[in-house]
Amino acid sequence: MNRRSFLRHLATGAAAVSTASALSLLPFRSRAKAAPPPGRKFLFVISASGGGSILDSLLPVAASEVSTPARAATLLAFPDEAIAQPTGSAIRCVRNLRLGGTFSNDYDPADFVAAHFRDLAVVTVENTSVNHVVAQKRAITGAGIDGGRTIMEAVAMRHGDGLLLPNVNLASGGYLEPGDAPVPDRVRGEVVTRPELFASATHGYRGIPRAPSASVIERARSARRNLDAISPLASRPSALRDRYLELRDELAPGLESADLITKLMLLSESPDTPLSEFELAQSPDGPALAAQFPLLGVDRLQTQAAIAFLLVKHGVSCSVTFGPGFEPSFLPDGSILDTPIAFDFSHNDHVTTQNTMWSRIFEVADGLIRMLKTVEYDDGSTLWDASLIYVATDFGRSKERPAGSLTFGSGHHLNNGNVFVSPRLKGNRVFGGVDPETCLTYGFDGRTGEPRRDEVMREGHLYSLVAHALDVDFAGREDMSGLLR
Amino acid sequence: MTRPFLSRAIGAFVLVSLAACRPSGNGPAGPGTEPPETCAPTTEAPAPEPLHWRRHAAFVTDVHAALALDATTGCRELDRTPCGDVHLVALGGNDVFGAGQYEPVARPLATTPLVVDRFVLGACSNRVTLDAEATPVVFGMLDLAASTVSRDDARATASELFRRLLRRDATNEELAEIAELAEETNARDFAVAACFAIGTTSEAVLY
């Protein structure tokens, strides 16, 4: 069975769950209790890999705002009817333009804004690199503002004490890279590339076909420890070996005893994934997740979002990073959910790519937020109240187009903006702004949040904002208090 | 070369040498500054790491070669997907096409020892099953249907497994350790347990 075929069977299994019945349970069921200790904060980084242009999502320029139609025809400006502004929202967005073609995605960003505008903040920025991998890394290190550590590592250091896997990373490219500062190994990202099967990596023997009983394996493990004690390697001082044995003999028992192989199991029982045959079972959250993420197991992004939720709910992680990668997700009918190489397919077709991929990002962010709101945490609030979503991206895209063209390619551009969602931020705000005559964004005063046309925001400001919102302090942190609730 | 030039050159060398000894953070050395009392480094360079991680491709190939298995007969999650593919990154490989991961992780991940266990346990279990059903390849010295294992057969099996999995002869102490697994265990379970214990030692993962 190849990978796609296997995933197709997973989809069949997921679809077997009655979506309607599972959805109907959500509003009525009492909130589940979260496992993480109180007082923690949670970071979700969604990597909009390839260059998600803020002009094509939450900071659009309407053609009517440009001085002349002729000039508007040469800029990344949208017809007025392509832009939505839900009731109560100060933030506008480009609708799902339903361009059809090869890439299918029905989610409308306007639904996201309508549901979450109170927690939604648009923050302008001018990045410092148009090289993808370099820019991606800078998007998570604040271009080195915190000595080179990533914001995920910093959050894991601040909030990850006692958690089994404080920092899990399912993203790609530069978003997957570790920071450049020395940090404890436990806060380095646990890299996960197969979220649908990650649960199996949390136990050394459960579900292994034809394996002997647990007691036999534990005896073998005991013998192994004795063999290691008399091994020729034991006499050679080695930090690598010490680390390996520490992980194996101290951390691994904790992962196994937490029963994560069940709690994180996204597969459902089906003829092609006969979990019970291997004494495994679907996560108790499986039906609710399948209702929120109906393409669980097939859609890589939805599957990543589902495992991100479970990792935080079960007190395993405080920082989870995920996002579309180079490979698009294919549906069993052959249609394609993402553009290849994610946002960077804008080189070929800017509008289709940006519109498709932003819809994808908002769809999973919406699902994640809704799931986090179902879990009670810390004195009557929910997990969402302690969370922040940072939609990180490489850079913006070029601001001009061939006059009047609706189908065109775009290049990389430093000027852009980022999307943040969190109850901890002053939501329903655009921090900075955009000049309709150039489609270039401008900055703001971090202490007040007021727009400043002469202010240039950098990656370090974004990093500082996340740090500030999640109680992470470091020398040189920019004052972003004007953006905090 | 004239004598005054030589003495100036020697003097400059001494000054440069003294400057190089100064601990950082005290500003540049120059004429009139006092030389430091010692030149000892403030921190010792760490000793070079003597071991390497046997990463994904090498590890998978070595285990398969040792047990005469391949991707279709080795460890497979749910008997469907090769464990080596599922756990590529945790085993030290890198997912170039799926994740744009151009370099593998520098050090073992938190889940690495567990996926090593899964990989080797799946492979050992499958090898024992295959040997029980047809002409044995690895466990020929055992009657895999037997309910007990003699100490001699246990030691012979351990010896064979050390050669196959660690590519060396076992010591008497190591053979005795594995032979103890045969006590109160049937032959099949002993075979898997011995294979697993040896195949997941730190020596099988690091070199």
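That block above? That's the structure.
What this report covers is the structure whose coordinates are included nearby. Keep in mind that what you see is a predicted model, and the values were worked out from it rather than measured.

**So, unusual backbone geometry**
All names here are of chain A. The backbone phi angle of R98 is positive, close to 45 degrees, even though this residue is not glycine. Within the fold, R98 resides in the loop between β6 (93-94) and α4 (109-116). Residues other than glycine seldom take positive phi values, yet D379 does so here, at roughly 65 degrees. As for its placement among the helices and strands, D379 is situated in the loop between β11 (375-377) and β12 (381-382). The exposure class assigned to D379 is exposed, which follows from its relative accessible area of 80%.

**Points about empty space enclosed by the protein**
Once rolled over the atoms, a probe with the size of a water molecule shows which space is left empty. Within this structure, the stated rule accounts for four cavities of 30 Å³ or more. Estimates place the volume of the largest cavity at around 110 Å³. The wall of the largest cavity is formed by 13 residues, among which V191, V192 and F198 of chain A together with V86 and H87 of chain B lie closest to the centre. In the lining of the largest cavity, the residues fall into nine nonpolar, three polar and one charged.

**A word on the pattern of salt bridges**
Residues and elements named next belong to chain A. Taken as a whole and assessed by the stated rule, the structure comprises 43 salt bridges over all chains. The shortest N-O distance in the salt bridge between K137 and D180 comes to 3.0 Å. With a gap of 43 residues between them, K137 in helix α5 (residues 132-141) and D180 in the loop between β8 (167-169) and β9 (190-191) connect regions that are remote in the sequence. A salt bridge links R186 to D161; the nearest nitrogen and oxygen atoms lie 3.1 Å apart. Here D161 lies in the loop between α6 (151-159) and β8 and R186 lies in the loop between β8 and β9, a separation of 25 residues in the sequence.

**Topic: the layout of surface pockets**
Roughly 760 Å³ of internal volume is contained in the largest pocket. Lining the largest pocket are 40 residues, with P178, R188 and G189 of chain A together with V105 and L109 of chain B sitting closest to its centre. The element contributing the most residues to the lining of the largest pocket is helix α8 (residues 239-257) of chain A, with five residues.

**Topic: the sheet that holds strand β2 (residues 42-48) of chain A**
Residue and element names in this part refer to chain A. One open sheet accounts for eight strands, arranged β9-β8-β10-β2-β13-β16-β7-β17; its pairing is mixed. Lying at the two open borders of the sheet, with one neighbouring strand each, are β9 and β17 (429-431). Note: strand β7 (residues 120-126) against strand β16 (residues 415-421), seven bridges, orientation antiparallel. Within the sheet, the bridge partner assigned to V125 lies in β16 and is N416. Against the sheet, helix α11 (residues 300-313) touches β2, β8 and β10 (319-322), its axis set at about 175 degrees to β10.

**Re the packing of α8 of chain A against helix α5 (residues 112-133) of chain B**
Where α8 of chain A meets α5 of chain B, the axes come as close as 8 Å, and the angle between the chain directions of the two elements is 80 degrees. One way to sum up the angle between α8 of chain A and α5 of chain B is to call them roughly perpendicular. Here Y244, L247, R248, A252, L255 and E256 of chain A of α8 of chain A lie close against α5 of chain B, whose contacting residues are T112, P113, L114 and V116 of chain B. The residue makeup of the contact of α8 of chain A with α5 of chain B, split by class, is seven nonpolar, one polar and two charged.

**Here we look at the pairing of β7 of chain A**
All names here are of chain A. With six of its seven residues buried, β7 lies for the most part within the structure. Examined bridge by bridge, β7 and β17 share three bridges and lie parallel to one another. When the sheet's bridge partners are listed, A121 is paired in β17 with R429.

**What to know about the packing of helix α7 (residues 214-229) of chain A against helix α8 (residues 187-199) of chain B**
It is the contact of α7 of chain A with α8 of chain B, at a shortest axis distance of 8 Å, that shows an interaxial angle of 40 degrees. Between α7 of chain A and α8 of chain B the crossing geometry is right-handed. Along its contact with α7 of chain A, which presents V216, I217, A220, R221, A223, R224 and L227 of chain A, the element α8 of chain B presents D189, A193, F196, A197 and I198 of chain B. Looking at the contact of α7 of chain A with α8 of chain B, its residues break down into nine nonpolar, no polar and three charged.

**A closer look at a nonpolar patch on the surface**
Among the surface-exposed residues, V96, F97 and Y102 of chain B lie close enough to one another that they form a single nonpolar patch of about 350 Å² accessible area. Mapped onto the elements, Y102 of chain B comes out in the loop between α4 (96-99) and α5.

**Digging into the state of the cysteines**
Here a disulfide denotes a covalent bond joining the sulfur atom of one cysteine to the sulfur atom of another. Residues and elements named next belong to chain B. Applying the stated criterion to the full structure yields two disulfides over all chains. Note on cysteine connectivity: C75 is disulfide-linked to C83, with sulfurs 2.0 Å apart. Every disulfide takes its handedness from the sign of the S-S torsion; for C75 and C83 that torsion is -55 degrees, giving left-handed. For the pair C75 and C83, a shared accessibility class is recorded, and that class is buried. Linked covalently through their sulfurs, C124 and C195 form a disulfide whose S-S length is 2.0 Å.

**A word on helix α12 (residues 350-372) of chain A**
The terminal C-alpha atoms of α12 of chain A, which comprises 23 residues, lie 33 Å apart, in line with the 33 Å expected from a rise of 1.5 Å per residue. Counting buried positions along α12 of chain A gives 21 out of 23 residues, so the element sits mostly inside the fold.

**Focus: the packing of aromatic side chains**
For the coordinates displayed, the defined rule picks out nine aromatic pairs over all chains. Through a chain of ring-to-ring contacts, three or more aromatic side chains come together here, namely F112, F343, W358 and F362 of chain A.

**What to know about the interface of chain A and chain B**
Taken together, the 71 residues of chain A in the interface contact 65 residues of chain B. Where chain A abuts chain B, roughly 5,600 Å² becomes buried across the two surfaces, and 63% of that area is made up of carbon and sulfur atoms. Applying the counting rule to chain A against chain B returns four salt bridges. Among the ionic pairs, R107 of chain B bridges to D185 of chain A, the shortest N-O distance being 2.9 Å. Applying the counting criterion to the chain A and chain B interface returns 25 residue pairs in polar contact (both at pLDDT 80 or more). Elements represented by at least two residues in the side of chain A that touches chain B include exactly β9, α7 and α8 of chain A. Top element by residues in the side of chain A that touches chain B is α8 of chain A. It accounts for eleven residues. Here the side of chain A that touches chain B is composed, by residue class, of 40 nonpolar, 14 polar and 17 charged.

Definitions and limits used
Residues numbered from 1 in each chain as written. Chains lettered and ligands numbered in written order. Predicted model: local features only at pLDDT ≥ 70, side-chain atom pairs only at ≥ 80, totals over all residues. Heavy atoms only, no water. Helix = DSSP H or I, 4+ residues; strand = E, 2+ residues; numbered from the N terminus. Buried < 20%, exposed > 50% of the residue type's maximum accessible area, 1.4 Å probe, protein only. 1 Å grid on protein atoms, 1.4 Å probe; cavity = no way out; pocket = protein on both sides within 12 Å on 5 of 7 lines; lining within 4 Å. Points joined across faces, edges and corners; volume = space filled by probe spheres on them. Nonpolar A, V, L, I, M, F, W, Y, C, P; charged D, E, K, R; others polar. Salt bridge = Lys/Arg side-chain N within 4 Å of Asp/Glu carboxyl O. Pairing = 2+ DSSP bridges. Contact = heavy atoms within 4.5 Å. Axes fitted to C-alpha atoms, helices over the stretch in contact; angles between N-to-C directions. Parallel < 35°, antiparallel > 145°, perpendicular 65-115°, else oblique. Left-handed = near helix turned anticlockwise from the far one by under 90°. Patch = residues over 30% accessible without salt bridge, like charges linked within 9 Å, V, L, I, M, F, W, Y side chains within 5 Å. Areas by Shrake-Rupley, 256 points an atom, 1.4 Å probe, with all protein chains shown as cover. Disulfide = S-S within 2.5 Å. Expected span 1.5 Å × (residues − 1). Phe/Tyr/Trp six-rings, centres within 6.5 Å; stacked < 30°, edge-to-face > 60°. Buried area = accessible area lost by both parts, 1.4 Å probe. Polar contact = N/O pair within 3.5 Å; in protein donor to acceptor, adjacent residues only side chain to side chain.

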